[in-house]
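Spelled out from the first residue to the last, the chains are:
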Amino acid sequence: MPIVTIDGHPISVEPDTLIIQAADRAGIEIPRFCYHPDLRPEGNCRMCLVHIKGFANLSPACTTPVTDDMVVNTAHQHDQVRQATKGVLEFLLINHPLDCPVCDQAGECSLQDFYLHPDYGLHPSDVDPPEKVRKRKALNLGPIYLDSERCVMCSRCVRFSNEVSGTGELQFVHRGNHVEIEAFEDRALRDPYAGNLADVCPVGALTSRDFRFKRRVWFLRHANSICAGCSTGCNVRIDYAENAIDRVVPRRNPAVNKSWMCDEGRLSYHNLQDLPRLESPLQRTEAGLQPVSWEEAMLLGQEGMRGPYGRVSAVVASAMATNETLWILRQCANSLPTPTEIDFRLQSINPDINAREDHLLRRLDKAPNSRGAMLLGAGAGRGIEAMAQSAEEGKVGVVVILHYPPLVGQDDNARLAAFQRLIRGAAFSVVLTNTVSGWWNGADVVLPVASWSEEEGTFTNFAGITQLTEAALTPPGEARPAWKALRDLLPVGSLSPRLATVEQIFDRGVAVISAFEGLHYATLASREATVYPPEGRKSYGQEGFAGR
Amino acid sequence: MDKKDSQVVDVSVQAMNLGTGVTGMAAGFAVTLKNMVRSVPGRNTVTIQYPEQRKPYSRRFRGVHALTVRPNGQLKCTACFLCATACPAECITIEASAVTDDAIEKVASRYEIDLSRCIFCGFCVDACPEEAIVMTREYDLATHDRMDELQYGISDLTDREEIQAYGAGYRPHMQYPLVESYLPTELPAKPQDDID
């Protein structure tokens, strides 16, 4: 393994590693605009110039692979590099409009950050604003706004649309001072991954229409989460403020989604915000469902579920639920005094969790935790349709239904119809859901539960990778995480010791099951946020990311 | 100091010392008398008949805020949120919206200052890069209602008569003539509410 010395720190890296990657690994900052870890290096912005001992000229760190005994000095240590970097930045800022007050990128902008760094910026500007070259501003390209004046010509967006999404919709036009990014005839982008363009853009040239003028980024709080839009399980960061999600952006995870996510998933939080949320427990009375307190609802639920009806019980799980909720739901099913069937599938056919929707990330299975539900044995029955059939024949006593509407696409009507048949045929029914809707009319107890982004837990993606999702928001009204509601429905003493946190459920419950053996919640929650199936563990799909 | 060591003073002995008592009293009353003579009406009177009479305030007085407008009447504010960021009382609420105007792009569609929380520190005015928010010399903010009447929106911060009547106060980029700022100026009295 070559050993390279950067700013006096010896770093041991694999052959063919680029200098900038070695520096990143050692935590040495090298400024860059055009380099992106998941795009091909191009070396056009000249911001990452470094001095290599024995080389006559400065070299770009993003295109130069390390060799053994290489001695590299960055702008922090080397005067010539500092001078060159300052010069590059000054050139990039010559025509910059300095409209930071109206620019959404302000606060997370590389130009701002580098200019305010004593090693790269803080030069006086010699160009009067009227002399600057004017270009087109606020050009609407569908999901993206283009602001040519702010562009630093790094070509990250061009490379993204050529190499990753493959639509090739952006290109440079004109020359010199007048060079601009352009979509052909200014047509709206039809790339289902266009949202990533705003993320790859290091400046405010490409900004998101969805996030436009919504909030200044320094007011945002962050939660590391997993997208619940499909079974791929892209790593995302939820940016929120005042208990509302403002945007969702991808987190880099080379094994699952690299640095990307699809627009469907990125905007799926709107579907959640649009749901009419259920905020209080309901109880069936003469005059229909009426709000009650949690305590009353729990007593009613416990009493009803104890009832010896001499019939079988049916428990409906959901692949939208976390592993912890599903594990508690299974304990719930086991604790019922009658033989119990549990399933999350409509028919007794296993869902095709791996089926791709396109060449990149999207999958046809629009639930984030189908794999987890299968591994936890929540798909062991004959399917919901068959359970509904039994209910109609009068064979079902207690019914427990856990249901969340999907974040991408619509609720399956066949599924809701089966729920209705189950509730009608059952002697006692408990529904746990997050949405006000019609199908649970006739249920005995309806409990409001927290949605994705409101509770922490783990999802297992199509390939069997278990990942942690953090809570960002507080659930509306009296809604609680489903695992809490289900735990309190269990007969007293059936769970010992009492499980008070998601971590305890995962470590003492989920991780005991062979498919999850060896995983610890604390490791999942660590900085890396992702734990892959350890060596030798069965992987259920092809590699997470195909790319091009 | 230990209790034993402390000096014991017999107060009754001091009270017997009539000389000290009389001089002390005389000195005190002399101050009273001097100020009584000073404040004979027409001379150096401190008390005024507020609210009919008003005192002049500094040109740099930090009173109620005002939002400035462009020549075409549009708000100067582009909703950059620097004022809301600087505000230590977190009393500024802004909502931004896009405009199609080429030169501006972004305006504040809602700008609210909760004056019941404002501490009149002037940081918002310092933070503003374009003097879109300044302070006036308006200071009498008593209301009959604590909540609604002290929520000032865009129209309250631009169109109210008092803004013109009291005049501009603190503006960080303005050079103030120091002497002039303390000279009394004629201030129109605030319109009086009917008191039931």
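K.L.:
Explain the overall build of chain B to me, and be specific about the residues and the numbers.
P.N.:
Of regular secondary structure, chain B possesses six helices and five strands. Its helices and strands in sequence order give chain B the pattern α-α-β-α-β-β-α-β-β-α-α, from N to C terminus. Split into buried and exposed, the 196 residues of chain B put 31% on the buried side. Expressed as a percentage of contacts within chain B between residues at least 6 apart in sequence, the contacts between residues at least 24 apart total 71%. Carbon together with sulfur atoms contributes 56% to the accessible area of chain B, which is approximately 13500 Å² in total.

K.L.:
Explain the overall build of chain A to me, using residue names and the numbers behind them.
P.N.:
Along its length, chain A carries 15 helices and 23 strands. Taken along the three principal axes of its C-alpha coordinates, chain A extends 90 × 50 × 35 Å. Counting over 548 residues, chain A shows a buried share of 57%. Contacts in chain A between residues at least 24 apart in sequence constitute 67% of all its contacts with a sequence separation of at least 6. Carbon and sulfur atoms provide 50% of the accessible area of chain A, an area that totals close to 22700 Å².

K.L.:
An account of the interface of chain B and chain A is requested, with residue identities and associated values reported.
P.N.:
In this assembly, 13 residues from chain B lie in contact with twelve residues from chain A. Interface area for chain B against chain A, summed over the two sides, is near 990 Å², with a carbon-plus-sulfur share of 64%. On the chain B side of the interface with chain A, the three residues burying the most area are Phe 81, Glu 105 and Lys 106 of chain B, jointly 51% of the side's total. Linking chain B with chain A are three salt bridges. One salt bridge connects Arg 212 of chain A with Glu 105 of chain B, and the closest N-O pair in it is separated by 3.5 Å. Our enumeration of links across chain B and chain A arrives at two residue pairs in polar contact (both at pLDDT 80 or more). Listed by contribution, the elements that provide at least two residues to the side of chain B that touches chain A are helix 3 (82-86) and strand 2 (92-98) of chain B. Residues that form the side of chain B that touches chain A fall into these classes: eight nonpolar, three polar and two charged.

K.L.:
For the nonpolar core, give the residues involved together with the corresponding values.
P.N.:
Grouped together as the largest cluster of nonpolar side chains are 137 residues, with contacts concentrated most on Phe 33, Leu 447 and Trp 452 of chain A. When neighbours within four sequence positions are excluded, Leu 447 of chain A is seen to be in contact with Leu 278, Pro 281, Trp 294, Ala 297, Met 298, Val 430, Val 431, Leu 432, Thr 433, Ala 485 and Leu 489 of chain A.

K.L.:
Break down the domain arrangement of chain A for me, citing the residues and quoting the values.
P.N.:
All names here are of chain A. Structurally, chain A comprises domain 1 (3-92), domain 2 (127-217) and domain 3 (282-531). Put simply, the middle of domain 1 and the middle of domain 2, counted by C-alpha atoms, are 26 Å apart. Contact with domain 1, which involves twelve residues of that partner, is made by twelve residues of domain 2. When the two sides are added together, the surface that domain 1 and domain 2 hide from each other amounts to roughly 960 Å², 55% of it contributed by carbon and sulfur. Three residues stand out in domain 1 for area buried against domain 2, namely Phe 33, Leu 39 and Arg 40, and they jointly supply 51% of the buried area on that side. Scanning the region where domain 1 abuts domain 2 turns up zero salt bridges. If you look at where domain 1 meets domain 2, you find eight residue pairs in polar contact (both at pLDDT 80 or more). Its residues assigned to classes, the side of domain 1 that touches domain 2 comprises six nonpolar, two polar and four charged.

K.L.:
Explain unusual backbone geometry to me, and be specific about the residues and the numbers.
P.N.:
All names here are of chain A. Not every positive phi belongs to a glycine, and Leu 98 is a case in point at roughly 55°. Looking at the element boundaries, Leu 98 is found in the loop between helix 2 (79-93) and helix 3 (110-115). In this structure, Ser 453 takes a positive phi of about 80° despite not being glycine. Along the chain, Ser 453 turns up in the loop between strand 20 (445-448) and strand 21 (457-460).

K.L.:
I'd like to hear about the pattern of salt bridges, residue by residue, with values.
P.N.:
Residues and elements named next belong to chain A. The tally for this structure, following the rule as stated, stands at 45 salt bridges over all chains. Across the pair Arg 277 and Glu 454 runs a salt bridge, and its minimum N-O distance is 2.8 Å. Remark: Glu 454 occurs in the loop between strand 20 and strand 21 and Arg 277 occurs in the loop between helix 7 (268-274) and strand 14 (282-285); sequence separation between them is 177 residues. Here Arg 277 and Glu 454 have matching classes, each one buried. A salt bridge links Glu 341 to Arg 382; its shortest N-O distance comes to 2.9 Å. Residue Glu 341 is found in strand 17 (residues 340-343), and its partner Arg 382 is found in the loop between helix 10 (370-375) and helix 11 (384-392); the two are separated by 41 residues along the sequence. Here Glu 341 falls in the buried class, since its relative accessible area comes to 17%.

K.L.:
Residue-level account of helix 1 (residues 19-26) of chain A, with values.
P.N.:
Residues and elements named next belong to chain A. Listed as buried for helix 1 are Ile 19, Ile 20, Ala 22 and Ala 23. End-on, the buried residues of helix 1 take up no more than an arc of 160°, which puts them together on one face. Note on helix 1: the residue one or two positions beyond its end, Gly 27, has a positive phi of about 75°.

K.L.:
Hey, could you go over the packing of helix 11 of chain A against helix 12 (residues 413-425) of chain A for me, with residue numbers and the actual values?
P.N.:
All names here are of chain A. Running from N to C, helix 11 and helix 12 cross one another at 30°; their axes reach a closest spacing of 8 Å. Taken as axis vectors, helix 11 and helix 12 run roughly parallel relative to one another. Crossing angle aside, the handedness with which helix 11 passes helix 12 is left-handed. Where helix 11 abuts helix 12, its residues Ile 384, Glu 385, Met 387, Ala 388, Gln 389, Ala 391 and Glu 392 lie against Ala 414, Arg 415, Ala 418, Phe 419, Arg 421, Leu 422 and Gly 425. A per-class count over the contact of helix 11 with helix 12 returns eight nonpolar, two polar and four charged.

K.L.:
Which residues make up the side chain of Thr 325 of chain A, and what values do they have?
P.N.:
Residue and element names in this part refer to chain A. By secondary structure assignment, the location of Thr 325 is in helix 9 (residues 323-335). A polar contact is formed between the side chain of Thr 325 and the side chain of Thr 322, at a distance of 3.0 Å. Once residues lying within four places of it in the same chain are set aside, the contact partners of Thr 325 are Leu 402, Tyr 404, Glu 455, Ala 482, Trp 483 and Leu 486.

K.L.:
For the environment of Thr 340 of chain A, give the residues involved together with the corresponding values.
P.N.:
Residues and elements named next belong to chain A. Relative to the helices and strands, Thr 340 resides in strand 17. Classification of Thr 340 by relative accessible area gives partly exposed; the value is 29%. Taking the C-alpha atoms as reference, Thr 340 lies 58 Å from Ile 20; in sequence the two are 320 residues apart. Once residues within four sequence positions are removed from consideration, Thr 340 is found in contact with Ser 313, Val 315 and Ala 333. Within polar-contact distance, the side chain of Thr 340 engages the backbone oxygen of Ala 333 at 3.2 Å.

Cut-offs and rules
Residues numbered from 1 in each chain as written. Chains lettered and ligands numbered in written order. Predicted model: local features only at pLDDT ≥ 70, side-chain atom pairs only at ≥ 80, totals over all residues. Heavy atoms only, no water. Helix = DSSP H or I, 4+ residues; strand = E, 2+ residues; numbered from the N terminus. Buried < 20%, exposed > 50% of the residue type's maximum accessible area, 1.4 Å probe, protein only. Contact = heavy atoms within 4.5 Å. Areas by Shrake-Rupley, 256 points an atom, 1.4 Å probe, with all protein chains shown as cover. Buried area = accessible area lost by both parts, 1.4 Å probe. Salt bridge = Lys/Arg side-chain N within 4 Å of Asp/Glu carboxyl O. Polar contact = N/O pair within 3.5 Å; in protein donor to acceptor, adjacent residues only side chain to side chain. Nonpolar A, V, L, I, M, F, W, Y, C, P; charged D, E, K, R; others polar. Core = buried A, V, L, I, M, F, W, Y, C linked by side-chain atoms within 4.5 Å. Domains from an automatic or database assignment. Arc of directions from axis to C-beta. Axes fitted to C-alpha atoms, helices over the stretch in contact; angles between N-to-C directions. Parallel < 35°, antiparallel > 145°, perpendicular 65-115°, else oblique. Left-handed = near helix turned anticlockwise from the far one by under 90°.

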